[in-house]
Amino acid sequence: MWLNPDEVLLKNVLKLWVTERSNDFFLLQRRRGHGEMATGGVTGLLVGALDNVLDSTARVTPFRILLQVPGSQVSWIIASGAAIEEVNKHWDWLVHNLLHSLSVFENKEDVASFVKGKVKGLIAEEVQGRQAAQEDDPGKFREALLKFEVHFGLPSSEKLVTYYSCCCWKGRVPRQGFLYLSINHMAFYSFLLGKEVKFVIPWAEVTRLERVSTALMPEAIRVTTRQRQREFSMFLNLDEAFGVIGQLADIALRRLLDSKGLELDRVLQQPARITKRILEEQAIREYVLALFRLPRSENLHEVASCSVWTPHARCHTAGTLYTTDSYLCFSSREEGNLVLLIPLSEVLSIEKADSTSALPNPVIVSIRTKKAFQLIELNDRDELVENMNSRLRALQWKRSMFRSRKEGKRSVVSGMFNWVGPLERNNIHQLNVVSQNQDQEICVCLCQSTDQVKERLWEDHFSEFGRGVHMFRTEKIQKLVAMGIPESLRGELWMIFSDASSDLGSHEGYYASLVQKSMGHNNLATEEIERDLHRSLPDHPAFQNPTGIAALRRVLTAYAHRNPKIGYCQSMNILASVLLLYAKEEDAFWLLVAVCERMLPDYFNRRVIGAQVDQSVFEELIRERLPELAEQIPDLSTLSSVSLSWFLTLFLSVLPFHSAVCVVDCFFFHGIKAIFQLGLAVLEANAAELSSSTDDGQALMILTGFLDQVGNEECPGFPSSSPAAEETSCSVAKGHTNITDLINDAYIVRDIEQLRCRHRIRVLQAHEDTTKENALRLVSPDVSIPPEKLADIYDLFKVIFLPSWHYCDSNRSFIERQYRLDRPQFKSLYGLLVPWPDVSNQHTDTLANRTFTLLDQDCDNLVTFRDFASWLDTLYFGELNEKIRLLYCLHIPPGYSLCEYNDVLLSSTLMLSEFIQFCKTLYSMFHGDPEENELFQAIATVTSLVLQIGEVGHRGKIAGSEANSQEGSTAAGGVDARKGSRSSATADNEWTVSYAQILASLLTEQALVNFFEKPLDLSAKITQAKESQYQQRAGLLTLQRASS
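Residue positions within a chain follow its written sequence, with the count starting from 1. Predicted model: local features are reported for residues with pLDDT of at least 70 only, side-chain atom pairs are reported and counted for 80 or more only, and whole-chain, interface and lining totals are derived from all residues. Note that water and hydrogens are dropped before the side-chain values are worked out from all heavy atoms of the structure.

J.: Honestly, the sheet that holds strand 4 (residues 63–68) in this entry has me stumped. Any pointers?
T.: To summarise the sheet geometry, strands pair through backbone hydrogen bonds and adopt either a parallel or an antiparallel arrangement. Note on pairing: two strands pair once DSSP finds at least 2 bridges between them. Runs of E in the DSSP output that reach at least two residues are strands. Runs of H or I that reach at least four are helices, and both are numbered from the N terminus. In spatial order, the strands read 1-5-4-3-2; together these five strands make up an open sheet with antiparallel pairing. Either end of the sheet is taken by a strand with one partner, and the two such strands are strand 1 (2–8) and strand 2 (17–22). Averaged over all adjacent pairs, the angle separating strand axes in this sheet is 30°, with direction ignored. Summarising the sheet, strand 2 and strand 3 (residues 26–31) pair through five bridges and their orientation is antiparallel. Note on geometry: axes are lines fitted to C-alpha atoms, helical ones only across the stretch in contact, with angles between N-to-C directions running from 0 to 180 degrees.

The structure is reproduced here in structure tokens:
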């Protein structure tokens, strides 16, 4: 295969390669030891043995082709292969297509550049060919790829993902064409009746995606940016197109705008690998991870239709089998009727059985609890079973290696468990103190009897449907969960439903080691944890003693040590407290891991992106499911702000304790859908009162009063942190609502992941708007640029930055680089916004480089928006002396920051060559000005005057004593080492001039004074820059004015 040319300094220093074919420019070599075992001697045997012993990922291919330049010791490897036939094909291509052309080059370095360019072109063609081969119709995709490149002229690294035939609407006029979706842009092209329409929308500018329906467009996709809206319709498959558009916009925004705050899957972190097929697989994977609440690290391998034997129904249930790295998952065709989750860690064997007409292609999965599951009607059974067994063997080998290492450290681990053990092996809820109040004692007894009834129901369910992670999960278990899980089984079932039990089993001793490592560490997370420890269920007796507080501290600190990206966030303490009440300490830790990293992704970080996304989703669900309420309250932000705590604490902070725990039961079984469904039920129950509320405070009181009265008929008087709930007696109060009824009456919510994908775009763009507002607020007081113009400059600054982030391979994170320009980016924006004419010559480029060095105050080769705005403010709104001072500073040799220049400006001088450059800069500024002739005459007069002043100063310096010259040099040298070296050089030169002398000379010419004092039109320059920048970035023209 062709390789990106890589330098080889010494072609064969260790005699490890044998040259098979050669000419003036190329060598075909074979690795010694390959193909010569009988006659290769000791060297060949050693080399061959070495290559065979090495891991396959590090093994050297036996054949390679080198590019060599006559007379040079440097060569480049350009191709390699495992078989001689493959490499011979590449050799023949080089000989027939390149060899004769190379002889015409006089400069041998040009030979290397030419060949390397050709090889890179071949690699690019192969990549495009492989991408096209993955599509359903490779020929059509190649044709579309060529049109995409020709029409839009985007960089070659801009990868086309897919394309669709559709119409783009402008008013009532549809334009039939093609919509091209790439990794960073969506682009539309149409050419009808001699009119060409084409435009590009970067994903980073998309603020909203919607499906709309009007009289003209029954089904359409609306894409909203900050500038305008565009509608696309007449797709052959609108659902597919809408899904792909949403995925690409979501990926781009997560990668660009919040790469640090959000977790992005590894395959999506490499844009060059994204294809339509990968997006489809990713959508299925997201669905599977959400449905079965699997770890984010799980990869989806196979999806197969099959049927599973269900003993409770005495029949086979049809559905879909999903296999991942560590799980076998089954879901019935009707979602929710039957769900089965089998961790591979519980599997003993996966075997094929004899096929019959009644049982076609059966597979038996045996697990450790002496149970077996039968799957039938599996297509490609042999390959599927082989793949599953391969993963099973790999997992079993890892577990055996883990056990052997643990046995070697048994003494250390056992010591750790003795330290953590007492709290682990005893449920904290045993610490509860029964109230002395007789009424509450009777209530507790009622709760205990009710729990006994529930326990019998659950035991009956276990005997029929199984117990453990691999139980059959049917509609019956949903009803049991809605009734509330008995306290004796709550911890076990939470571990099962969240699959935290698998994490616990595969990480023996992990929690104990985390606790030990985190002890004694003080940081921001531990300080926040200490502050919130006594605020976690403060009225519950379990946390009124040192034992419960210590357990809570260990769980929270261990998690902060495990996941420093999250660390600790408020509301985690409330959640961990409830988990500790019903689960052992180590179990509570793994439940917290499951909630924070799987069930509530992106919730617990500094920006709570996940919670804000779900609030946006909740608003859409309100409009969809409760349209009358949404019509009465157009601004739903009030309701979403009230409901934020519902999502962050799973209703634990707003419901009476016993009712809130029932919500947590539903959450562990249903996932986040339970919170959405219960939130909609609460709003529906209070819709009339909310519609008549006059302000936000009244709406908050309505919802708070209602939630305080939500109880459980078996035990309504259970102690709660809510004061209103504490005042209620065991008798059912007026207006009391049963939590079980509220849960059962809730709306069924589906497709949460698709909704999250769309609404994440809005939330990230809202954060981007906040970032912009903060940046403008910080910069505005220091500049005279009007706020609206400063906002436009910020947008120009941002757009210059984003394309480089699309295509660069920088090791800096986006947060580190956020809206800071490197030298090429700065020079591009510099050319767009400088007030004088853009003269493309070497002097202009030199001046741009000097300006960048001056503004790079941190010496990190990046210019911030604040520094850029300050520089632009001086050019357009500064006083005459400020502008001259800036120009003067630009012509002092680089090496100082702007603040250093201000400190030494009065003592700095320009030498003759630097003053000449200063004059050239002034000439370039005057070019094209209406008063150009007068300005040229004025600067000629000033130049003559300054030269005379410099000459007089030079003569006076010669007349001075050597001692005085030495003293002056020493005084100037103390400021800085670089400054001292320049002062010494100045003393030896014949001519210098100071800033004050230049300024005074310029003030003698009124034409120059008028030029520097006249107002400049920043608005017109910004308008031109936007148009020019758009064309540069996308290589496009906007919609032709003739077609508007």
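J.: What is the right way to read the packing of aromatic side chains from this model?
T.: For any two aromatic rings, the description comes down to two numbers: the centre-to-centre distance and the angle of the planes. Think of it this way: a Phe, Tyr or Trp ring, Trp meaning its six-membered ring, pairs with another when their centres are within 6.5 Å, and the plane angle makes it stacked under 30 degrees, edge-to-face over 60, tilted otherwise. All told, the structure shown has 43 aromatic pairs when counted by the stated rule. An angle of 65° between the planes, with centres 5.3 Å apart, marks the rings of tyrosine 888 and tyrosine 995 as edge-to-face. You can see tyrosine 888 sitting in helix 33 (residues 880–890) and its partner tyrosine 995 sitting in helix 39 (residues 995–1002), a full 107 residues away along the chain. Across the pair, exposure class does not vary: tyrosine 888 and tyrosine 995 are buried alike. Pairing phenylalanine 1011 with phenylalanine 1012 gives two aromatic rings, centres 5.3 Å apart and planes at 85°, and the pair type is edge-to-face. The buried label applies to any residue whose accessible area, calculated with a 1.4 Å probe on protein chains only, is under 20% of its type's maximum; exposed applies above 50%, and partly exposed to all values in between. Looking at phenylalanine 1011, the relative accessible area reads 13%, which means it is buried. The exposure class assigned to phenylalanine 1012 is buried, which follows from its relative accessible area of 5%. Pairwise contacts between aromatic rings join Tyr794, Phe797, Phe826, Tyr830, Phe852, Phe865, Phe868 and Trp871 into one cluster. Note that arginine 64 overlies the ring of tryptophan 17, its terminal NZ or CZ placed 4.0 Å from the centroid. Only lysine NZ and arginine CZ atoms are considered, and such an atom sits over a ring when it is within 6 Å of the ring centre and within 35 degrees of the ring normal.

J.: Any chance you could explain the packing of helix 11 (residues 487–498) against helix 21 (residues 657–670) here in plain terms?
T.: Packed helices, taken two at a time, are described by their axes: the angle between them and the distance between them. Put simply, helix 11 and helix 21 touch, their axes get as near as 8 Å, and they point 30° apart. When the axes of helix 11 and helix 21 are compared, the pair comes out roughly parallel. For the pair helix 11 and helix 21, the contacting residues are Arg490, Trp494, Phe497 and Ser498 in the first and Val661, Val664, Asp665, Phe668 and Phe669 in the second. Angle categories are assigned with fixed cut-offs, so that under 35 degrees is roughly parallel, over 145 is roughly antiparallel, 65 to 115 is roughly perpendicular, and the rest are oblique. The contact criterion used is simple: two residues touch if any of their non-hydrogen atoms lie within 4.5 Å.

J.: Can you walk me through the environment of glutamate 281 in this structure?
T.: Mapped onto the elements, glutamate 281 comes out in helix 6 (residues 276–292). Spatially, the C-alpha atoms of glutamate 281 and leucine 300 are 8.0 Å apart, while their sequence positions differ by 19 residues.

J.: Would you mind showing me how to read helix 33 here?
T.: Every α-helix winds through 3.6 residues per turn, so residues three or four apart in the chain are directed the same way. Counted residue by residue, helix 33 has eight buried out of 11 residues, so it is predominantly covered. For helix 33, the set of buried residues is Leu880, Lys883, Ile884, Leu886, Leu887, Tyr888, Cys889 and Leu890.

J.: Honestly, the side chain of serine 1001 in this entry has me stumped. Any pointers?
T.: Residue placement: serine 1001 occurs in helix 39. Among the polar contacts listed, one links the side chain of serine 1001 to the backbone oxygen of glutamine 997, at a separation of 2.8 Å. With near-sequence residues (within four places) excluded, serine 1001 lies in contact with Val942, Leu945, Val946 and Ile949. The definition of a polar contact used here is a pair of N or O atoms within 3.5 Å, where within protein one atom must be able to donate a hydrogen and the other to accept one, and adjacent residues in sequence count solely through side-chain atom pairs.

J.: How should I be thinking about helix 21 in this particular structure?
T.: The terminal C-alpha atoms of helix 21, which comprises 14 residues, lie 20 Å apart, in line with the 20 Å expected from a rise of 1.5 Å per residue. Most of helix 21 sits out of view: 13 of its 14 residues are buried. The positive-phi residue at the C-terminal boundary of helix 21 is glycine 671, with phi of around 85°. Expected helix span is given by 1.5 Å per residue-to-residue step, counting one fewer step than there are residues.

J.: Whenever I open this one, the pattern of salt bridges confuses me. Can you help?
T.: As a working rule, side chains carrying opposite charge can pair if their charged atoms are close by. Definition used for salt bridges: Asp or Glu carboxyl oxygen within 4 Å of a side-chain nitrogen of Lys or Arg. Throughout the structure, instances matching the rule amount to 36 salt bridges. Put simply, arginine 211 and glutamate 219 hold a salt bridge, and the shortest N to O gap is 3.4 Å. On the basis of relative accessibility, which here comes to 40%, the residue arginine 211 falls in the partly exposed class. Through salt bridges that share partners, Asp250, Arg254, Asp602 and Arg760 make up one connected network.

J.: Explain unusual backbone geometry here, please?
T.: Leave glycine aside and you will find that most residues have negative phi; peptide bonds, for their part, are mostly trans. Of note in the backbone geometry, methionine 234 takes a positive phi value of approximately 60° without being a glycine. Structurally, methionine 234 can be placed in the loop between strand 12 (229–233) and helix 5 (238–257).

J.: Sorry if this is basic, but what is going on with the pairing of strand 13 (residues 300–310) here?
T.: As paired elements, strand 13 and strand 14 (residues 315–324) share 10 bridges and run antiparallel to each other. In the strand pairing of strand 14, cysteine 306 is matched with glycine 319. With antiparallel pairing between neighbouring strands as the criterion, strand 13 and strand 14 make up a hairpin whose turn holds four residues, including arginine 314 at a positive phi of roughly 55°. Note: strand 13 against strand 19 (residues 372–376), two bridges, orientation antiparallel. When the sheet's bridge partners are listed, serine 307 is paired in strand 19 with isoleucine 376.

J.: Where do I start with the environment of threonine 1004 in this structure?
T.: Assignment of secondary structure puts threonine 1004 in the loop between helix 39 and helix 40 (1006–1013). Measuring from C-alpha to C-alpha, the distance between threonine 1004 and alanine 938 comes to 9.1 Å, with 66 residues separating the pair along the chain.

Functional significance is not addressed by these values, which are geometric in nature.
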